[in-house]
Amino acid sequence: VLTLSASSRGIDQHDPAQVAALAAAQNLITHGVGNATTDEQIALGYLQVNTGNYKLGLDLFNRLLEGNPKLVAAYLGRGTAQALQGNLAQASKDFTTVTEIDPKCSDGWKRRGQTRAALGFDSDAVKDLTKAAEISPDHECFHQRGIVHHKMHDYRKGLKDFRKALDMESRNPITWNFVGLCENALGHTRESIIAYERATQLDPHFKEAWANMAQAHRDGGDRASAERFFAQSIKVAQLTSAVRPVDASYTHGYHLRGLLFYGCGEIRLALADFKQGVEMDGTDRNCQLMKAVCLNSLGMLSEAIAEYNVLLKLDPQHQCYYQKEIALWMHKNLDADILATNPDTQLDAYFKEAYCKRHPTSHPRMCNYRPQKPLNAKIPDVRQLDVPESAELRKIVELSRKFGKLIQLNTPGFLSNLRQHRSCGITIISMAQQARAFWSGGGKGSVKTRDGGDGSASCLYFDPAGSSKNTGKNHDFGYRDFMDIAVKWRQISEPNDPVFWIDLLAPEAFAEGFGLQTPMVTGQMNVVRYFPYFARSLEVVKRLIADSGACNVHDQRFMLPRQKLDQLEKATDCQGLWDVMQQGFYVETPCHSIARPGKIMAGTRITLLQKPPEGFDFTIRTPGTPPRWVEMDQEMAHVWKLLRVEAQRKPGPDVEKFTELALTFYFYWVNFGPLSRGTAACGYIAFFALMLSIGYEVDVSPPEGTQVDWPAILTPRPAEFAAEVTTWIGPGRVKSTILDECPLVATTIATPREMIEALNMV
């Protein structure tokens, strides 16, 4: 937009010539030359460009340049017209000419900076905008440079620029919105919300700011506030659609609110929003994908597959290919016995690896994959039931409510997911029933398949055909069979997550060391969920470096010079740690064995790497290599045996001892990290189930700010971890008769169809 202003008294606002003449007469033309005729032509050109009459504006500026090839205003006007029409290279050329004719013309540098940013030359754009700010610092210079820094993911510099811009124009809602975006990108949720509040106060019709504020609340785990502000953003869009027609189809608002509902386990509410988004904009692939995922979650598999096919017609390489293939497999197995069915063993290993790593479907390791057979129209989709039809299922669902909520973390970033609560609650009961049957069976259990069971509590429902280890071979019910129950429920309850046993991925991926990664800091962002454990992790890193050095990115160990140890001790952030180490590195936390006393295994890796611009990745990484797998598998099997022995103690298990063993099971499980996703949640479910198997509920959730897996990962010995968490777990233990009154999950919910129906209950 070009600057032209004049008093409108006594002129016809609809006559461009009158407006231009008046502006010229009043000397209100930016970069005018003081000649009334020329300035009037400049003003008329500005007016044509500002009102969208680009061709007329270009003609005027071209005529002016024929008469005066060094007329700065004409180049600025022509360049602006070119930029607004998308002719960015030509626009940049005109603005360059301005800087050559008059190097002190701030607008020339500013407009070229904006154009270069649009062309993707971000570093050059920053230089130009910096030059403009040096000549004539104003709100626009700092605002535009802030936008470029934000685009470059340099949020600290962007935030600094936006704050400077606000010093010059404090009531600009767009700048406040960008302040919020930068603060949120840095992990400063509270500060971002304050900025969005200011933006919406200044412009109550700013739908994007309302949506951004909602998203910040969602990132912080506050569903109620997020839902309220998403609704406001959609309402504002509807109210202003008459003035701004583009607002009538605010698909992005429905997509974001749909993601909120999905993250809260409200699949039907999410589906309604994604459907609305697709109706508004049939080209919106984000809404189209999530619509399919919701249908998939609800068991409406034929409809989900049809939606996946729509996306794949638009983009044959779309990642939904993997979800579609699993949906086809699931549809085929809806009525299969879940005891004898296992996607981990029945899906192609290379397919699973590609899905986990988000490989394109044309990846070389997918070359021999045989797609699933087409949909069988004779198999109906899952019925959409709100209430259980049988008394047994009703009882299980009712009791599951008690346990599901206990796994909820009371810490920023974690939404309360009702569907996962239901899944966890039923899983805890099912695992507890099977563990109790195993304990009471003298070690092996009374192994029964579906048809052979007598329905008694001592009947262990277990079929090696559905095991993830020693599949189809007769074997004792081991820890892995116990955990298969949790894994299968997780796979079915969340079809948007690739949850698989890592040793059953492609053998090459397993041999290479399939790695799990959880960031505390990524780039310039302090990750809301995990940054609370940064300080504790940093202390562990500093202690390990001082004691035994670190490994560089080439796995070569090096020791820190003694004279740098004081500097290391003073490091409080990633930059301070980098200044000491001067390179990317990792340390391995020790994990002490109880199966082989004196043996110290590799726990997890805590890694620091630089990440441009001016950021770092500070993460925990768990390498799933075969040698490490063997060691951890032995620990899990050993603890499982100890649990069995203690559970069978006469006249009954020592509750303190059993609790410590159950926590030891969890300790090794999360250090093991055997799943591609969901390891911590499955392990926590297992702990509750183990306690329930001996007749004790743990009626307590983790204290505010506590995530149970982090202390386990950062503590070297299971006894130390158990002592730490027992301080709040111990008082929550109460005797329970739930397993005596609850119907058997294994016989009541026997197929994937019945599992999905149970999850869908209101």
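About the criteria used
- Residues numbered from 1 in each chain as written.
- Predicted model: local features only at pLDDT ≥ 70, side-chain atom pairs only at ≥ 80, totals over all residues.
- Heavy atoms only, no water.
- Core = buried A, V, L, I, M, F, W, Y, C linked by side-chain atoms within 4.5 Å.
- Buried < 20%, exposed > 50% of the residue type's maximum accessible area, 1.4 Å probe, protein only.
- Helix = DSSP H or I, 4+ residues; strand = E, 2+ residues; numbered from the N terminus.
- Contact = heavy atoms within 4.5 Å.
- Axes fitted to C-alpha atoms, helices over the stretch in contact; angles between N-to-C directions.
- Parallel < 35°, antiparallel > 145°, perpendicular 65-115°, else oblique.
- Left-handed = near helix turned anticlockwise from the far one by under 90°.
- Nonpolar A, V, L, I, M, F, W, Y, C, P; charged D, E, K, R; others polar.
- Salt bridge = Lys/Arg side-chain N within 4 Å of Asp/Glu carboxyl O.
- Expected span 1.5 Å × (residues − 1).
- Pairing = 2+ DSSP bridges.
- pLDDT = per-residue confidence, 0-100.

A. The nonpolar core, seen in detail. Core analysis: the largest hydrophobic core is formed by 129 residues, its most contacted members being Trp439, Phe482, Met483, Trp640 and Phe665. It is helix H29 (residues 655-672) that provides the largest number of residues to this core, a total of twelve residues. In contact with Phe665, other than residues within four places in its own chain, are Tyr479, Phe482, Met483, Met636, Val639, Trp640, Leu643, Ala686 and Leu690. Counting 32 residues, the second largest nonpolar core, distinct from the first, contains Leu538, Met581, Phe616 and Ile713.

B. Examining the environment of Cys356 more closely. Counting through the fold element by element, Cys356 comes out in helix H20 (residues 349-356). Its relative accessible area of 17% is what places Cys356 among the buried residues. For the pair Cys356 and Ser676, spaced 320 residues apart in sequence, the C-alpha separation works out to 7.1 Å. Those residues within four positions of Cys356 in sequence are excluded, and the remaining contacts are Pro498, Phe500, Leu505, Phe514 and Ser676.

C. Up close: the packing of helix H18 (residues 320-332) against H20. Two elements in contact, H18 and H20, have axes whose closest approach is 9 Å; the angle formed by their N-to-C orientations is 135°. Comparing their axes, H20 and H18 come out oblique. Crossing hand, H18 versus H20: left-handed. Contact with H18, carried on its side by Tyr322, Gln323, Glu325 and Ile326, involves Phe351, Ala354 and Tyr355 of H20 and no other residues of that element. Within the contact of H18 with H20, the residues separate by chemical class into five nonpolar, one polar and one charged.

D. Up close: the pattern of salt bridges. According to the stated counting rule, one finds 42 salt bridges in the structure shown. Through salt bridges with shared partners, one network takes in Asp107, Lys110, Arg111, Asp138 and Glu140.

E. Here's a closer look at helix H14 (residues 251-263). Along its 13 residues, H14 runs 18 Å from first to last C-alpha, staying within 8% of the 18 Å computed at 1.5 Å per residue. For H14, the tally of buried residues reaches ten of 13 residues, placing the bulk of the element in the interior. Here H14 has its buried residues at Thr251, Gly253, Tyr254, His255, Leu256, Arg257, Gly258, Leu260, Phe261 and Tyr262. Considering only its buried residues, H14 is in contact with helix H12 (207-219), helix H13 (223-239), helix H15 (267-280) and helix H16 (285-297). Gly265 lies just past H14 and shows a positive phi near 80°.

F. Main features of the sheet that holds strand S5 (residues 550-552). Overall, antiparallel pairing links the seven strands, which are arranged S4-S3-S9-S8-S7-S5-S6 in an open sheet. At either end of the open sheet lies a strand with only one pairing partner, and these are strand S4 (525-526) and strand S6 (557-558). Strand direction decides the pairing type here: strand S8 (residues 600-611) and strand S9 (residues 615-624), joined by seven bridges, are antiparallel. Residue pairing for S9: Leu609 is matched across the bridge by Asp617.

G. Quick peek at the confidence of the model for the chain. Per-chain confidence: the chain averages 91 in pLDDT, with 93% of residues scoring 70 or above. Segment residues 1-13: pLDDT under 50, and 34 contacts once partners within four positions in sequence are set aside and those in other chains are kept. Considering only residues more than four positions removed or in separate chains, one finds that residues 449-453, a stretch of pLDDT under 50, has twelve contacts.

H. Fine view of unusual backbone geometry. Pro612 connects to Pro613 through a cis peptide bond whose omega is -5°. Here Pro613 shows up in the loop between S8 and S9. Lys650 connects to Pro651 through a cis peptide bond whose omega is 5°. Within the secondary structure, Pro651 sits in the loop between helix H28 (626-647) and H29. Even without a glycine there, the phi angle at Asn470 is positive, about 55°. Mapped onto the elements, Asn470 comes out in the loop between strand S2 (459-461) and helix H23 (479-493). If you check the backbone angles, Glu614 has positive phi at about 55° while not being a glycine. Within the secondary structure, Glu614 is located in the loop between S8 and S9.

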